[in-house]
Amino acid sequence: MTTIEIIQTDITTLAVDAIVNAANSTLLGGGGVDGAIHRAAGPDLVQECATLGGCPTGEAKITKGYLLPARHVIHTVGPVWHGGGKGEPKLLESAYRTCFRVARQHNLASIAFPAISAGIYGYPMADAAMIALTVAREEAEKGGLQRIIFVPFSSQAEKVYRDVAASLGIQP
Ligand code: AR6
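For clarity, every value in this text was computed on a predicted model and none was experimentally measured.

## Looking at helix H1 (residues 32–41)
Right, on to step 1. When H1 is considered as a whole, its buried residues turn out to be Asp 34, Gly 35, Ile 37, His 38 and Ala 41. Projected down its long axis, H1 carries its buried residues within an arc of 165°, all on one side. In this structure, H1 carries Gly 32 and Arg 39 as exposed residues pointing more than 90 degrees from its buried face.
Right, on to step 2. Contacts made by the buried residues of H1 are with strand E2 (18–22), helix H2 (44–49) and strand E4 (72–76).

## Here's the deal with the confidence of the model for the protein chain
Right, on to step 1. On average, residues of the protein chain score 98 in pLDDT, and 100% of them are at 70 or above.
Right, on to step 2. The ipTM value of the predicted complex is 0.99, and its pTM value is 0.99.

## Regarding the pattern of salt bridges
Right, on to step 1. The final tally for this structure, using the stated rule, is 9 salt bridges.
Right, on to step 2. One salt bridge in this structure joins Glu 138 and Arg 97, with 2.6 Å as the shortest N-O distance. Of the two residues, Glu 138 is situated in helix H4 (residues 125–142) and Arg 97 in helix H3 (residues 88–105); the sequence distance between them amounts to 41 residues.
Right, on to step 3. Here Glu 138 falls in the partly exposed class, since its relative accessible area comes to 37%.
Right, on to step 4. Salt bridges sharing common partners tie together Glu 93, Arg 97, Arg 104, Glu 138, Glu 139 and Lys 142.

## A word on the environment of Leu 91
Right, on to step 1. Mapped onto the elements, Leu 91 comes out in helix H3.
Right, on to step 2. Judged by relative accessible area, Leu 91 falls into the partly exposed class, the value being 30%.
Right, on to step 3. In the structure, Leu 91 is positioned 13 residues away from Gly 78 in sequence and 6.7 Å away in space, judged by C-alpha atoms.
Right, on to step 4. Discounting residues that sit within four places of it in the chain, Leu 91 has contacts with Thr 57, Gly 58, Pro 79 and Lys 86.

## Concerning the site of the ligand
Right, on to step 1. Lining the immediate environment of the ligand, one finds 21 residues, of which Asn 24, Gly 31, Val 33, Asp 34 and Ile 120 sit closest.
Right, on to step 2. Measuring from an oxygen atom of the ligand, one finds a backbone N or O atom of Ile 120 at 2.7 Å.
Right, on to step 3. Here the ligand, which alone exposes 700 Å², has 88% of that area covered by the protein.
Right, on to step 4. Here the element with the most residues in the shell around the ligand is H1; it accounts for 4 residues.
Right, on to step 5. A class-by-class count of the residues in the shell around the ligand yields 11 nonpolar, 8 polar and 2 charged.

## Some points on unusual backbone geometry
Right, on to step 1. The phi torsion at Tyr 66 lies on the positive side, around 50°, for a residue other than glycine.
Right, on to step 2. The residue Tyr 66 is located in the loop between strand E3 (60–64) and E4 in this model.
Right, on to step 3. Relative accessible area serves as the criterion here: at 29%, Tyr 66 is assigned to the partly exposed category.
Right, on to step 4. Positive phi, normally seen in glycine, also occurs at Asn 107, with a value near 55°.

## Notes on the UniProt feature "domain: Macro" (unreviewed entry) in the protein chain
Right, on to step 1. What UniProt calls "domain: Macro" (unreviewed entry) maps, in this numbering, to residues 1–169.
Right, on to step 2. The span residues 1–169 is 38% helix and 16% strand, and its two end C-alpha atoms sit 17 Å from each other.

## Regarding the packing of aromatic side chains
Right, on to step 1. If you walk through the whole model with that rule in mind, you get 6 aromatic pairs.
Right, on to step 2. Here the aromatic rings of Phe 113 and Phe 150 are separated by 5.6 Å at their centres, their planes lie at 25°, and the arrangement is stacked. Highlighted residues: Phe 113 in strand E5 (residues 110–113) and Phe 150 in strand E6 (residues 147–150), separated in sequence by 37 residues. Comparing Phe 113 with Phe 150, the two get one shared label, buried.
Right, on to step 3. Summarising the aromatic geometry, the rings of Phe 150 and Tyr 161 are spaced 5.8 Å apart at their centres and angled 35° between planes, so their arrangement reads as tilted. Residue Phe 150 is found in strand E6, and its partner Tyr 161 is found in helix H5 (residues 155–167); the two are separated by 11 residues along the sequence. Exposure class is identical for Phe 150 and Tyr 161. Each is buried.
Right, on to step 4. These aromatic residues form a ring-pair network of at least three members: Tyr 96, Phe 100, Phe 113, Phe 150 and Tyr 161.

Conventions used here
Residues numbered from 1 in each chain as written. Predicted model: local features only at pLDDT ≥ 70, side-chain atom pairs only at ≥ 80, totals over all residues. Heavy atoms only, no water. Buried < 20%, exposed > 50% of the residue type's maximum accessible area, 1.4 Å probe, protein only. Helix = DSSP H or I, 4+ residues; strand = E, 2+ residues; numbered from the N terminus. Arc of directions from axis to C-beta. Contact = heavy atoms within 4.5 Å. pLDDT = per-residue confidence, 0-100. Salt bridge = Lys/Arg side-chain N within 4 Å of Asp/Glu carboxyl O. Near = heavy atom within 4 Å. Polar contact = N/O pair within 3.5 Å; in protein donor to acceptor, adjacent residues only side chain to side chain. Areas by Shrake-Rupley, 256 points an atom, 1.4 Å probe, with all protein chains shown as cover. Nonpolar A, V, L, I, M, F, W, Y, C, P; charged D, E, K, R; others polar. UniProt positions renumbered as here; feature names shortened; annotations may be inferred. Phe/Tyr/Trp six-rings, centres within 6.5 Å; stacked < 30°, edge-to-face > 60°.

Below, the structure written as structure tokens:
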């Protein structure tokens, strides 16, 4: 039984098996949720990230969580929004799917996602949430994971997630 949850909070506060980082392809840190995760995890995180050789858009790599309450960080790279005609939806779906695959490979039970690409990278929040929740519903049916948590950062983003979940018949 896998639950899909929506919790409006700072993702760095969550004690889960993995939080997902909306990183860039260098994996060496940045602004937004990436900056927040690196600040909270401490400098050992960027040290480990520097050994990973970066990450292409739509893929993901896992590290330890260091000073975070989360045991791991799954770093993924979402697409930059260029209007939707440059393969952005497929790349965003791939980012989510790869995170789930990595989580299963490591036998993780709980995973928390920020709104990948929907900040600095400019992806429209409702479209991004639709992809996130559609993939999550499919992954929940596969079993294995206990908790899939979506973490909108603002009350506005939370409303978007709840509206999209309702439109998909998901009861978070
Ligand atoms: N907890 C949860 N969500 C957060 C937090 C937080 N602490 N901080 C921000 N958000 P963004 P992107 C939300 O810009 O669009 C970085 O520089 C934020 O409000 O962090 O994928 C990377 O290095 C937004 O809704 O990620 C890349 O260069 C969502 O997280 C680039 O930004 C994602 O916004 C990636 O851009």
